[in-house]
Amino acid sequence: MNPPRPRPRLDADNRAFWTGGADGNLNIMKCGDCGQYTHPPRQICRHCQSENMAPDAVAGTGEVDTYTINYQPWMPELEVPFVIARVKLDGVPDVILTTNIVNCDVEDVDFGDKVKVTFEEQNGIWFPLFEKHVPNADEGVA
Amino acid sequence: MGLANEAYITGVGQSEVGVRLTRSPMGLTKDAIMEAIADAGLTLEQIDGVASYPGKSHGYLGFSPVGVDEVIEQFGIKARWHFGGGEIPAQLSAIAEAANAVRTGQARHIICYRTVYEAAALSRPDEFPALQRETVDGFSQWTAPFFAISAACWVAQYAQRQTKLYGMTREQLAQVALNATRNAYKNPRARAITKEPLTLEKYFSARMISSPFCLYDCDRFTDCSTVVIVSAGDALDEVSPNPVRIAASAGKVDRWSWDQPELMACYPTGEDLWKKTDYKPKDVDTVQFYDGFAFFPIGWLEALGFCEIGEGHKFIEGGTRIALDGELPLNTGGGQIGAGRLHGFGFAHEAATQLRGKGGERQIPGDPKVAVATSGGGPLAAALLLARD
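Residues numbered from 1 in each chain as written. Chains lettered and ligands numbered in written order. Predicted model: local features only at pLDDT ≥ 70, side-chain atom pairs only at ≥ 80, totals over all residues.

Asker: So what exactly am I meant to see when it comes to the overall build of chain A here?
Answerer: Check the secondary structure of chain A and you find 1 helix and 8 strands. For 142 residues, the compact-globule formula gives about 14 Å, and the C-alpha radius of gyration of chain A, at 16 Å, lands near that figure. Expressed as lengths along the three principal axes of its C-alpha atoms, the size of chain A is roughly 45 × 35 × 25 Å. In chain A, which comprises 142 residues, the share counted as buried stands at 36%. Partitioning the contacts of chain A with sequence separation of at least 6, the portion at a separation of at least 24 is 52%. (Helix = DSSP H or I, 4+ residues; strand = E, 2+ residues; numbered from the N terminus. Rg over C-alpha atoms; globule rule 2.2 N^0.38 Å. Buried ≥ 20, exposed ≤ 12 C-beta atoms within 10 Å, placed from the backbone. Contact = placed C-beta atoms within 7 Å.)

What follows is the structure, encoded as structure tokens:
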């Protein structure tokens, strides 16, 4: 049994990201004016400085950009090994999420693997984890 | 004689380097300062500036236990200029700031120091309590919730990209640690950290930390203080001969993030350094590259144009080119993997030591005149070009 995940402190910038999983949504801040995404989330667009920002429920699919198999138990009772990865999100240019790839053997993760979000809830925080995924015909095109 | 509007390293000093030392952080800082000012031929009365990175870290004292304010008070320094802060490009930027201060006449002789006490602090939690936090915020909220607690996990993903995209092998990566421990073994100050040079067999038998990094690809907590004295070009008649000019510095970051950019900040920083000098990579006699994790020196080699992007691991293959008698000696004092996590300042100390011909058993041949010292990884990056010219 893993220890509790370190808990982000919710604020006006990050609340939609960390709680969107309650509705099944992976929320990334999007600018209503220039249409670009800002992550880590801010209420001011990092591209055009507009304040017309709102969380956008993105597809929740993507691909593994890079990863590492972590062997070191950084906290007491942390179960190892596990995969830490950076995931490029479909339809969300220039945004990377650091996450875990779950529900598969650690040796089965590779660059370019198609993945989709799966949420793990702990005390009101919905941690967006990813699992391997075979896209159907409508998906998988960034 | 030096030129006005130029900055020089005129002395270096270092305390004992150890693990779980009992001498106080201020005591270690004193040892390093006294050695450095004696090396420069100065007295404390002549010091009129103090600089450090990152300033005292109150939440986690082992990381930086001695504040610039405390050094001013402890040593009775009448400081015309001082600086201590973490929101600068990287550790060595404190030395770059000191260089700017003496170039603009704000001080004549500046103590630049970095005192680390991470090993001792862990062993004495009553005196040095561990960082306590109920929640994570700032950048760590984007990594810690996924148990990517250590920078090892963040940097491993850059290294893994080198493995997958460019074919870096663990044998190639291992050359950083093999070279570091071979050189550290010839550095009397590194005895507590490297008791014998690493072998490839031992490297491969070490436990993995975060692939592709094993234990020997990571530096280890160390207790030490390192000091560099930065003097004004028009004050060189006051110091010992053999100064080293700070010919250029750089610290460029395009995105301050450990996970969003494809390349670490060393890449824009390396490119920027050469825009500030007439020197070229071919003029460099030795490089002292930050190696908190073994992949960083590979990144710095590419970033500074010693090889193409994606070729750094091939450059170090076999270890001969980066050895003490190679074409580009790397981390001649052992770096952080071989000589302890001095947190950046050790690279400036060693670069100046080599250029001044004071490397003893580890001195590189050929009367070296130009060196690059760097610090940082991920979004942290600072480079100093040092020249005896």
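Read on for the rest.
Asker: It is not clear to me how the environment of Val134 of chain A should be interpreted in this structure. Could you clarify?
Answerer: As for its placement among the helices and strands, Val134 of chain A is situated in the segment after strand 8 (125-132). Taking C-alpha positions, Val134 of chain A is 23 Å from Ile28 of chain A, a pair spaced 106 residues apart along the chain.

Asker: Could you clarify how one ought to interpret the nonpolar core in this entry?
Answerer: Within soluble globular proteins, side chains that are nonpolar generally end up buried alongside one another. Residues and elements named next belong to chain B. Ranked by size, the top nonpolar core spans 153 residues in total, and within it Ile95, Cys112, Val228, Val230 and Leu386 carry the most contacts. If you count residues domain by domain, this core takes at least three from each of domain 1 (7-128 + 223-244) and domain 2 (150-220 + 246-387). Among all residues touching Val230, those that are not within four sequence positions of it are Ala7, Ile9, Ile95, Ala98, Ala99, Val102, Ile110 and Cys112. (Core = buried A, V, L, I, M, F, W, Y, C linked by C-beta atoms within 7 Å. Domains from an automatic or database assignment.)

Asker: For this particular structure, what's the right way to read unusual backbone geometry?
Answerer: Backbone torsion omega between His39 of chain A and Pro40 of chain A reads -5 degrees, so that peptide bond is classified as cis. Relative to the elements of secondary structure, Pro40 of chain A occurs in the loop between strand 2 (37-38) and strand 3 (53-58). With an omega of 5 degrees, the peptide bond between Ser211 of chain B and Pro212 of chain B qualifies as cis.

Asker: Which parts of the structure should I look at to understand helix 1 (residues 25-40) of chain B?
Answerer: A turn of α-helix holds 3.6 residues, and therefore any two residues three or four places apart point the same way. For helix 1 of chain B, with 16 residues, the first-to-last C-alpha span of 23 Å sits near the 22 Å given by 1.5 Å per residue. Where helix 1 of chain B is buried, its residues contact strand 1 (7-14), helix 2 (68-74), strand 4 (109-117) and strand 7 (223-232) of chain B. (Expected span 1.5 Å × (residues − 1).)

Asker: Quick question: what am I supposed to make of the sheet that holds strand 2 (residues 49-52) of chain B here?
Answerer: By way of backbone hydrogen bonds, the strands of a sheet pair with one another, either parallel or antiparallel. All names here are of chain B. Within the open sheet, the 9 strands sit side by side as 3-2-4-7-1-8-11-10-9. Their pairing is mixed. In this open sheet, the two strands that pair with only one neighbour each are strand 3 (81-84) and strand 9 (286-288). Sheet twist, expressed as the average angle between the axes of neighbouring strands with direction ignored, equals 30 degrees. Here strand 8 (residues 244-250) pairs with strand 11 (residues 382-387) via 5 bridges, running antiparallel. The residue bridging Ala248 from the neighbouring strand is Leu385, located in strand 11. Where helix 8 (residues 266-273) meets the sheet, it contacts strand 8, strand 10 (370-375) and strand 11, and its direction lies at approximately 30 degrees from that of strand 11. Along the sheet, helix 12 (residues 345-355) contacts strand 1, strand 4, strand 7, strand 8, strand 9, strand 10 and strand 11; its crossing angle with strand 10, the most-contacted strand, is approximately 170 degrees. (Pairing = 2+ DSSP bridges. Axes fitted to C-alpha atoms, helices over the stretch in contact; angles between N-to-C directions.)

Asker: Help me understand the interface of chain B and chain A in this model?
Answerer: Put simply, an interface is often sized by how much accessible area is lost when its parts join up. Listed by partner, the interface residues are 26 residues for chain B and 26 residues for chain A. Of all the secondary structure elements, the ones that give two or more residues to the side of chain B that touches chain A are helix 5 (151-166) and strand 5 (208-210) of chain B. Per-element tally for the side of chain B that touches chain A: the top contributor is helix 5 of chain B, with 6 residues. In the side of chain B that touches chain A, the residues fall into 12 nonpolar, 9 polar and 5 charged. (Nonpolar A, V, L, I, M, F, W, Y, C, P; charged D, E, K, R; others polar.)

Asker: Help me out: how do you make sense of the environment of Gly32 of chain A in this one?
Answerer: All names here are of chain A. Along the chain, the position of Gly32 falls in the loop between strand 1 (26-31) and strand 2. As a C-alpha pair, Gly32 and Asp56 span 24 residues in sequence and 10.0 Å in three-dimensional space. Discounting chain neighbours no more than four positions away, the residues touching Gly32 are Asn52, Met53 and Ala54.

Asker: Sorry if this is basic, but what is going on with the pairing of strand 1 of chain B here?
Answerer: Successive residues of a regular strand alternate their side chains across the two faces of the sheet. All names here are of chain B. Within strand 1, 8 of the 8 residues are buried, which leaves the element mostly enclosed by the surrounding structure. Pairing analysis gives 7 bridges linking strand 1 to strand 7, with the strands arranged antiparallel. By the bridge assignment for strand 7, Gln14 is matched with Thr226. Strand direction decides the pairing type here: strand 1 and strand 8, joined by 2 bridges, are antiparallel.

Asker: In this structure, what is going on with the sheet that holds strand 3 of chain A? I would like to understand it.
Answerer: All names here are of chain A. Read across the open sheet, the 3 strands follow the order 2-1-3; overall the sheet is antiparallel. Every interior strand has two partners, whereas the edge strands, strand 2 and strand 3, have only one. Both strand 1 and strand 3 contribute to a ladder of 6 bridges, which runs antiparallel. Residue pairing across strands places Met29 opposite Pro55, the latter belonging to strand 3.

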